[in-house]
Number of protein chains: 2
Amino acid sequence: MKAYREMSRDELLQEKRVLEAQFEEVKAKDLKLDMSRGKPAQAQLDIANGMMDALNSESDLKCESGIDCRNYGVLTGIPEAKKLLGDMSEVPADNMIIYGNSSLNLMFDTVSRSMTHGVLGSTPWCKLDKVKFLCPSPGYDRHFAITEYFGIENVIIPMLPTGPDMDMVEELVSTDPSVKGIWCVPKYSNPLGITFSDETVLRFAHLKPAAEDFRIYWDNAYSIHHLYDEPENQDFLLEILGECVKAGNPDIVYKFISTSKVSFPGSGVAAITASKRNLQDLEKSMTIQTIGHDKVNQLRHVRFFKDMDGMHAHMRKHAAILRPKFEAVLDGLEKNLGGLEIGQWTKPRGGYFISFDSLEGCAKKIVAKAKEAGLIMTKAGATFPYGKDPKDSNIRIAPSYPTPEELAIATEIFVLSVKLVSIDKILEEKE
Amino acid sequence: MKAYREMSRDELLQEKRVLEAQFEEVKAKDLKLDMSRGKPAQAQLDIANGMMDALNSESDLKCESGIDCRNYGVLTGIPEAKKLLGDMSEVPADNMIIYGNSSLNLMFDTVSRSMTHGVLGSTPWCKLDKVKFLCPSPGYDRHFAITEYFGIENVIIPMLPTGPDMDMVEELVSTDPSVKGIWCVPKYSNPLGITFSDETVLRFAHLKPAAEDFRIYWDNAYSIHHLYDEPENQDFLLEILGECVKAGNPDIVYKFISTSKVSFPGSGVAAITASKRNLQDLEKSMTIQTIGHDKVNQLRHVRFFKDMDGMHAHMRKHAAILRPKFEAVLDGLEKNLGGLEIGQWTKPRGGYFISFDSLEGCAKKIVAKAKEAGLIMTKAGATFPYGKDPKDSNIRIAPSYPTPEELAIATEIFVLSVKLVSIDKILEEKE
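Residues numbered from 1 in each chain as written. Chains lettered and ligands numbered in written order. Predicted model: local features only at pLDDT ≥ 70, side-chain atom pairs only at ≥ 80, totals over all residues. Heavy atoms only, no water.

### Points about the overall build of chain A
Helix and strand counts for chain A stand at 13 helices and 13 strands. Here the C-alpha atoms of chain A give a radius of gyration of 23 Å, agreeing with the 22 Å that 2.2 N^0.38 yields for 431 residues. By residue count, 62% of the 431 residues in chain A fall in the buried class. Sequence-distant contacts, at least 24 apart, represent 76% of the contacts inside chain A between residues at least 6 apart. (Helix = DSSP H or I, 4+ residues; strand = E, 2+ residues; numbered from the N terminus. Rg over C-alpha atoms; globule rule 2.2 N^0.38 Å. Buried < 20%, exposed > 50% of the residue type's maximum accessible area, 1.4 Å probe, protein only. Contact = heavy atoms within 4.5 Å.)

Right, here's the structure in full:
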């Protein structure tokens with residue numbers, strides 16, 4: 001393929017006419033497609049349907065410590081759920097508190113608690129003139145929305161192939177006491193799909209923050225969410241809590257996980273992993289906040305998955321559904337955009353997203369164009385703080401929800417939209 | 001029975017010797033009994049065991065609006081759950097948001113949100129020098145704990161047989177702009193077991209607060225939790241949201257309910273009822289806080305109870321279990337303490353508690369004495385803000401958890417403890 005920029009004005013206009021005809025054709029189909037969110041497909045819900053039978057009225061509903069899961073009691077989670085999610089998080093069960101159905105809610109509450117009560121006795125953030133969070137971008141819009149909601153200043157940190165730009169992170173964290181946290185999706189990151197390198201993790205563990213209440217918000221949402229079964233085709237992430245302990249920095253990290261994309265998205269179990277001191281701080285507020293989370297659902301998860309082997313086996317079923325979808329999109333991008341030099345994209349080996357970078361100033365127009373033909377993409381800019389992508393080029397592609405047939409058409413619409421918008425930009429430049 | 005105060009010193013000493021012997025006898029049994037918390041008994045969990053079969057892998061897991069309950073989506077609750085809990089709360093489904101498993105968590109979040117974001121655009125409470133909450137007392141310790149946790153000043157309001165002292169409430173609410181809320185358990189109240197009179201509810205609805213962000217926290221935890229099946233033996237509570245609307249005061253109240261003591265205490269569904277404006281305010285933060293609560297559990301509740309008739313029928317089963325327990329305690333109190341003039345107690349027709357008032361300055365000693373013989377009571381003072389009962393006389397009795405046999409012994413221990421501590425006090429007075 002000849003790169004678009006190398007085409008003459010006439011060649012581009014000719015190409016545009018062909019593409020416009022194709023676009024009108026697909027638009028006429030009046031489709032409704034959605035690649036906007038990392039939402040599992042129905043087939044992924046169906047493979048977990050055994051969850052619904054894991055407990056019934058004949059089941060022993062006592063947990064290992066003898067407590068009846070139906071009743072009040074057990075604030076921080078039943079032992080077997082701590083064991084299972086501890087294994088999932090690669091930490092001892094003792095370093096874990098089980099929460100409700102949403103790790104987002106847990107992260108929200110963690111920021112909220114810091115606002116009203118500080119961290120381990122520090123000044124509550126609501127009493128400070130300025131609080132900042134570092135936001136490796138492109139990143140997860142709902143993370144950035146939490147800190148924005150609390151009036152915290154979100155600071156963009158560029159993402160490199162190894163993770164966040166650690167030179168910049170170290171500089172800001174060590175010199176600016178108003179920097180209180182950093183949002184991270186360290187494995188199969190949202191939306192890039194990359195995994196932080198060992199060096200990046202170690203540099204995180206060795207941070208020397210100016211603020212005693214600085215914390216790394218380590219959202220390991222896709223820890224076991226590989227697309228390929230062979231270990232050599234899977235990413236590996238260094239376990240951070242252990243590295244922080246080794247570095248003499250045990251309190252610096254909160255690690256979040258959930259089964260939202262393992263069992264059922266709306267009815268999973270979330271958990272936080274941290275040092276004992278941090279967990280005690282959390283427990284102090286949990287004791288006031290609730291009598292306890294849903295233990296029956298915790299028990300349901302343990303009875304269904306049994307152990308990490310069971311969970312990994314289940315994740316391979318997810319992978320079997322997701323892999324062809326990712327490959328369909330990636331193939332479509334490669335086949336239709338390869339060599340045109342109007343976009344770059346990532347090729348993740350896990351997680352829920354492909355990240356696409358268009359020519360500068362084109363992302364919003366591409367998303368709008370796709371919408372004309374009935375394809376909903378994540379809002380352009382959403383992957384940056386305040387929804388503002390400085391280059392207006394990043395687009396998050398979420399291939400999980402549509403069927404493979406829908407994905408083929410969705411990719412076609414997306415590719416046409418990228419081409420049409422890019423041609424307009426290049427034509428403008430040539431004027 | 002002769003009142004203790006009318007006995008001579010010798011009569012009292014003789015009585016004391018007899019009681020001490022009885023106390024030693026029961027103490028020697030080395031019992032472990034718990035009347036400290038309003039925790040349902042196992043028999044109450046068992047009657048709801050059909051919950052565990054309400055859904056299985058063959059069930060249609062779509063809600064009425066066609067959404068798959070297993071997946072993400074539906075922030076404010078599935079329509080059929082809003083209908084059922086709306087009926088339970090006596091309000092239209094539109095005035096309701098369904099939450100997670102804990103109404104306490106919902107109340108905590110409501111206060112927390114007011115701290116960081118204010119109420120409908122008012123100044124966040126964390127920016128104010130002073131925020132006060134009115135605490136009708138004796139009341140629910142976990143309510144008071146929430147406001148205490150946020151550094152809010154808890155102000156005692158005396159409880160009358162008709163509900164809180166409304167003269168005092170009206171005076172404080174209408175003149176002091178730092179008064180931002182009041183905690184209420186309006187029906188079968190915790191711990192008194194009384195229900196607010198129509199006049200009290202109407203006076204609440206017509207409050208004219210000095211603070212625009214003043215709210216009534218109306219925790220209708222025991223709305224359908226009658227001990228008797230006949231309507232003439234049940235308390236009636238005027239529905240407050242409708243009365244507030246009529247009074248031109250629609251935004252003044254948040255109403256909370258949950259199924260914690262209907263289905264399973266740890267795995268129920270909680271909800272908030274309020275004006276549309278208040279709910280919109282809540283939704284704004286919910287959108288940031290979570291992708292949604294557990295819809296499968298919402299569906300499970302609707303499939304199990306079907307409608308309010310189903311729920312009422314289920315509550316009659318609870319009543320059949322609880323009623324004899326309440327009666328056993330009340331009989332024991334009447335039989336052993338009647339006429340002695342060393343204590344007064346309430347005779348509730350619903351809810352989870354009996355409230356006992358000892359002679360002044362005796363409650364802590366009675367609870368400590370009971371503990372000597374292996375009976376755990378709610379900590380004396382717990383029913384007042386900061387755990388400080390100014391008269392040291394209120395003790396909350398929770399008869400739900402022990403078996404009837406255990407309750408008989410527990411009441412015996414309690415009664416002995418009351419008598420022994422009271423005799424000491426009267427002897428001291430006579431010196």
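Picking up after the structure, the text goes on.
### A closer look at the pattern of salt bridges
The full count for this structure, using the stated rule, is 42 salt bridges over all chains. Here glutamate 429 of chain A makes a salt bridge to lysine 425 of chain A, at a shortest N to O gap of 3.6 Å. Of this pair, glutamate 429 of chain A and lysine 425 of chain A both sit in helix α13 (residues 404–430), four residues apart, which is roughly one turn of the helix. The partner of lysine 369 of chain B in a salt bridge is glutamate 372 of chain B, and the shortest N-O contact between them spans 3.6 Å. Within this pair, lysine 369 of chain B and its partner glutamate 372 of chain B are both found in helix α12 (residues 363–372), separated by three residues, close to a single helical turn. Glutamate 372 of chain B sits in the partly exposed class, given a relative accessible area of 41%. Each member of the salt-bridge network shares a partner with another, and the members are Asp167, Glu170, Glu199 and Arg203 of chain A. (Salt bridge = Lys/Arg side-chain N within 4 Å of Asp/Glu carboxyl O.)

### Examining the interface of chain B and chain A
Counting residues at the interface gives 58 residues for chain B and 58 residues for chain A. Of the roughly 4900 Å² buried where chain B meets chain A, counting both sides, 51% is carbon and sulfur surface. Linking chain B with chain A are two salt bridges, by the criterion used here. Of the charged contacts in the structure, one is a salt bridge between aspartate 46 of chain A and arginine 70 of chain B, with a shortest N-O distance of 3.1 Å. Inspection of the region where chain B meets chain A yields 29 residue pairs in polar contact (both at pLDDT 80 or more). At the level of elements, α2 (42–46), α4 (103–117), α5 (141–149), α9 (276–289) and α10 (295–305) of chain B are the ones that each hand at least two residues to the side of chain B that touches chain A. Here the side of chain B that touches chain A takes nine residues from α4 of chain B, the largest share from any one element. When grouped by side-chain class, the residues that make up the side of chain B that touches chain A number 22 nonpolar, 22 polar and 14 charged. (Buried area = accessible area lost by both parts, 1.4 Å probe. Polar contact = N/O pair within 3.5 Å; in protein donor to acceptor, adjacent residues only side chain to side chain. Nonpolar A, V, L, I, M, F, W, Y, C, P; charged D, E, K, R; others polar.)

### What about the relation of the copies chain B and chain A?
Superposition record for chain B on chain A: RMSD 0.0 Å, screw rotation 180 degrees, translation along axis 0.0 Å. Viewed as a symmetry operation, the transformation between the two copies matches a two-fold axis. Here 100% of the interface residues in chain B have copies in chain A that are interface residues too; the copies meet face to matching face. (Least-squares fit on C-alpha atoms with pLDDT ≥ 70 in both.)

### Describing the environment of threonine 147 of chain A
Residue and element names in this part refer to chain A. Within the secondary structure, threonine 147 sits in helix α5 (residues 141–149). Look at threonine 147 and you get buried, because its relative accessible area is 0%. With 14 residues separating them along the chain, threonine 147 and phenylalanine 133 place their C-alpha atoms 7.2 Å apart. Excluding its chain neighbours within four sequence positions, the residues that come into contact with threonine 147 are Phe133, Ile152, Asn154 and Trp183. Of note is the side chain of threonine 147, whose polar atom sits 2.8 Å from the side chain of asparagine 154.

### Quick word on the side chain of aspartate 165 of chain B
All names here are of chain B. Examined against the element boundaries, aspartate 165 turns out to sit in the loop between β5 (163–164) and α6 (166–175). In this structure, aspartate 165 is buried with no salt-bridge partner, the nearest side chain bearing the opposite charge being arginine 203 at 6.2 Å. Setting aside anything within four residues of it in sequence, one finds aspartate 165 in contact with Ile157, Pro158 and Leu160. (Lys, Arg positive; Asp, Glu negative; His and termini not counted.)

### Thoughts on the sheet that holds strand β11 (residues 354–358) of chain A
Residues and elements named next belong to chain A. One open sheet accounts for three strands, arranged β10-β11-β13; its pairing is antiparallel. Bordering the open sheet on either side are β10 (343–345) and β13 (394–397), each of which pairs with just one other strand. Strand-to-strand, the axes of this sheet are offset by a mean angle of 25 degrees, without reference to chain direction. Inspection of the sheet shows β10 paired to β11 by three bridges, in the antiparallel sense. Pairing of glycine 343 across the sheet is with serine 358, part of β11. (Pairing = 2+ DSSP bridges. Axes fitted to C-alpha atoms, helices over the stretch in contact; angles between N-to-C directions.)

### Overview of the pairing of strand β7 (residues 215–219) of chain A
Residues and elements named next belong to chain A. Here β7 lies mainly inside the structure; five of its five residues are buried. The alternating pattern of β7 places Arg215, Tyr217 and Asp219 on one face and Ile216 and Trp218 on the opposite face, and all of these are buried. Sheet analysis places strand β6 (residues 179–184) next to β7, joined by four bridges and oriented parallel. Considered in β7, the bridge of glycine 181 is made with arginine 215. Assessed by its sense of winding, the connection that carries the chain from β6 through helix α7 (residues 198–205) to β7 is right-handed. Where the polypeptide runs from β7 across helix α8 (residues 240–246) and back to strand β8 (residues 253–258), its parallel neighbour, the crossover connection is right-handed. (Right-handed = clockwise from strand over helix to strand, strands pointing away.)

### Concerning the packing of helix α3 (residues 79–89) of chain A against helix α10 (residues 295–305) of chain A
All names here are of chain A. Between α3 and α10, the shortest axis-to-axis distance is 9 Å and the interhelical angle comes to 60 degrees. What the angle tells us is that α3 and α10 run oblique. α3 and α10 meet at a crossing whose hand is left-handed. Counting all contacts with α3, which are made through Glu80, Ala81 and Leu84, the residues of α10 involved are Gln298, Leu299, His301, Val302 and Phe305. (Parallel < 35°, antiparallel > 145°, perpendicular 65-115°, else oblique. Left-handed = near helix turned anticlockwise from the far one by under 90°.)

### Remarks on the nonpolar core
Counting residues in each nonpolar core, the largest one holds 164 residues, and the members touching the most others are Leu333 and Phe414 of chain A together with Leu333 and Phe414 of chain B. Apart from residues no more than four positions distant in its own chain, phenylalanine 414 of chain B is found in contact with Leu333, Phe356, Ile366, Leu375, Met377, Ile395 and Ile397 of chain B. Phe264 of chain A together with Ala81, Phe214 and Cys244 of chain B belong to the second largest nonpolar core, which has 116 residues in total. (Core = buried A, V, L, I, M, F, W, Y, C linked by side-chain atoms within 4.5 Å.)

### With respect to the environment of phenylalanine 214 of chain B
Residues and elements named next belong to chain B. For phenylalanine 214, the location among the structural elements is in the loop between α7 (198–205) and β7 (215–219). Relative accessible area serves as the criterion here: at 1%, phenylalanine 214 is assigned to the buried category. For the pair phenylalanine 214 and valine 179, spaced 35 residues apart in the sequence, the C-alpha separation amounts to 6.7 Å.

### So, the packing of helix α11 (residues 308–337) of chain B against helix α13 (residues 404–430) of chain B
Residues and elements named next belong to chain B. One way to put it is that α11 packs onto α13 with a least axis distance of 9 Å and a crossing angle of 30 degrees. Comparing the axis directions of α11 and α13 gives the class roughly parallel. Like other packed secondary-structure pairs, α11 and α13 cross with a definite hand, here right-handed. The segment α11 lies against α13, with Lys325, Val329, Gly332, Leu333, Asn336 and Leu337 engaging Pro404, Leu407, Thr411, Phe414, Val415, Val418 and Lys419.

### Some points on the pairing of strand β3 (residues 132–137) of chain A
Residues and elements named next belong to chain A. With six of its six residues buried, β3 lies for the most part within the structure. Residues of β3 alternate between two faces, with Lys132, Leu134 and Pro136 on one and Phe133, Cys135 and Ser137 on the opposite face, all of them buried. Both β3 and strand β4 (residues 153–160) contribute to a ladder of six bridges, which runs parallel. Bridging across to β4, phenylalanine 133 finds its partner in asparagine 154. In this region the chain leaves β3, passes through α5 and returns to the parallel neighbour β4; the handedness of that crossover is right-handed. Two elements, β3 and β6, share three bridges in a ladder whose sense is parallel. Bridge pairing links lysine 132 to valine 179 in β6.

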